[in-house]
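# Overview (structure and organization)
As a plain string of letters, each chain reads:
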Amino acid sequence: MKVFKDFASYNRFMGMSEPLNEDIDVGYYDPPNIILGSDPVMVDFYRISIKIKFKRKATPFAEPITAVFFNSPDLVIAPGWDAEPTYTGMYLQLSKKVIDQNRFLFKTYLDYGQHEALYLTEEEVDEISAVFRLLFKYYKSEKKHFGVLLSYVNVLISLVEAFYKRQFSTDPKQYNRIVTDFQQSLIEYYNQPIKQLPNVQYFADALGLTANYLGDIIKHYTQRSALENIHDFIIRKAKELLEQNAEMNTTEVAYELGFEYPNYFSKFFKKQVGLSPKEYRLQRINKE
């Protein structure tokens, strides 16, 4: 499998324009002059690809789609995109270096490509196209306006965030399943012997998703982050153990929940509930 370490080698392979910058590459697709299919390849950088009225030769009767596609390092670009040479669009390529140095500008959906494309409405295409024209203008001026270029990249990414939220809302059945699977996985985690506290990455791996993607869907539908959902569940379990198992002391409850240090459990519980585990248990006993 071919692995492309830089924009220049990938662009030459694809038949796209030579990049003007090693960290940010911006351009428009010219289907008659680029390859329309290949064996699987990988790129060692990030790609955001906006394709307008894109259609595969393998599905001649399907309606053309207009969508944003993502590629991240280590993600295989599968063969057989075999596109009809009739689509238009633009691409943005970002080095790992520029992402790492400007993390505060970038959101989490650069790895969404492992899960789903972002399908665009005509109005959204117009908005992205307008931003892209400005992005391309400052890209052509190279280093002289790198700060402005980076700002327009951030604007484009922010639009993508807004459009993803719209997409999450248009097909709640699909995303509610992910929320339900996450909640069920959390229940199942505590139905087995526990050695450590669960984290978001554990459940993302269990569901075959990236942590960022899972977290964004959970936040969208529950209004709380995936980690906050985990903490809420742990507190509910802690309250059950304190109320229903009088013979268990605080240390035993902590270990039962997966805490390595009982003192950390006590601090965690008090921060979430406003009472220490002992105070909470006494309060419940007095109420009864």
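We now turn to the structure provided with this report. (Residues numbered from 1 in each chain as written. Predicted model: local features only at pLDDT ≥ 70, side-chain atom pairs only at ≥ 80, totals over all residues. Heavy atoms only, no water.)

### Details of helix α7 (residues 211–222)
- Between the first and last C-alpha of α7 there are 16 Å, a value that for 12 residues agrees with the 16 Å anticipated at 1.5 Å per step.
- For α7, the secondary structure elements touched by its buried residues are α4 (146–170), α5 (172–189), α6 (200–207) and α8 (226–244).
- Once α7 ends, the next one or two residues include Q223, with phi positive near 65 degrees. (Helix = DSSP H or I, 4+ residues; strand = E, 2+ residues; numbered from the N terminus. Expected span 1.5 Å × (residues − 1). Contact = heavy atoms within 4.5 Å.)

### Remarks on the pattern of salt bridges
- Under the counting rule described, the total for this entry stands at 7 salt bridges.
- A salt bridge links E18 to R12, with the nearest nitrogen and oxygen atoms 3.5 Å apart.
- For E18, a relative accessible area of 46% translates into the label partly exposed.
- Taking the relative accessible area as the measure of exposure, R12 reaches 54% and is therefore exposed.
- Among the salt bridges present, the one from E161 reaches K165, with a minimum N-O distance of 3.8 Å. Of this pair, E161 and K165 both sit in helix α4, 4 residues apart, roughly one helical turn. (Salt bridge = Lys/Arg side-chain N within 4 Å of Asp/Glu carboxyl O. Buried < 20%, exposed > 50% of the residue type's maximum accessible area, 1.4 Å probe, protein only.)

### Description of the sheet that holds strand β7 (residues 118–119)
- Spatial strand order, β2-β6-β4-β5-β7: 5 strands in an open sheet with antiparallel pairing. Both edges of this open sheet fall to β2 (24–28) and β7, since each of them pairs with a single strand only.
- Two elements, strand β4 (residues 46–54) and strand β5 (residues 65–71), share 6 bridges in a ladder whose sense is antiparallel. Paired with F54 across the strands is I65, a residue of β5.
- Each of β2, β4, β5, β6 (88–94) and β7 touches helix α3 (residues 122–140); the most contacted strand, β2, lies at about 120 degrees to it. (Pairing = 2+ DSSP bridges. Axes fitted to C-alpha atoms, helices over the stretch in contact; angles between N-to-C directions.)

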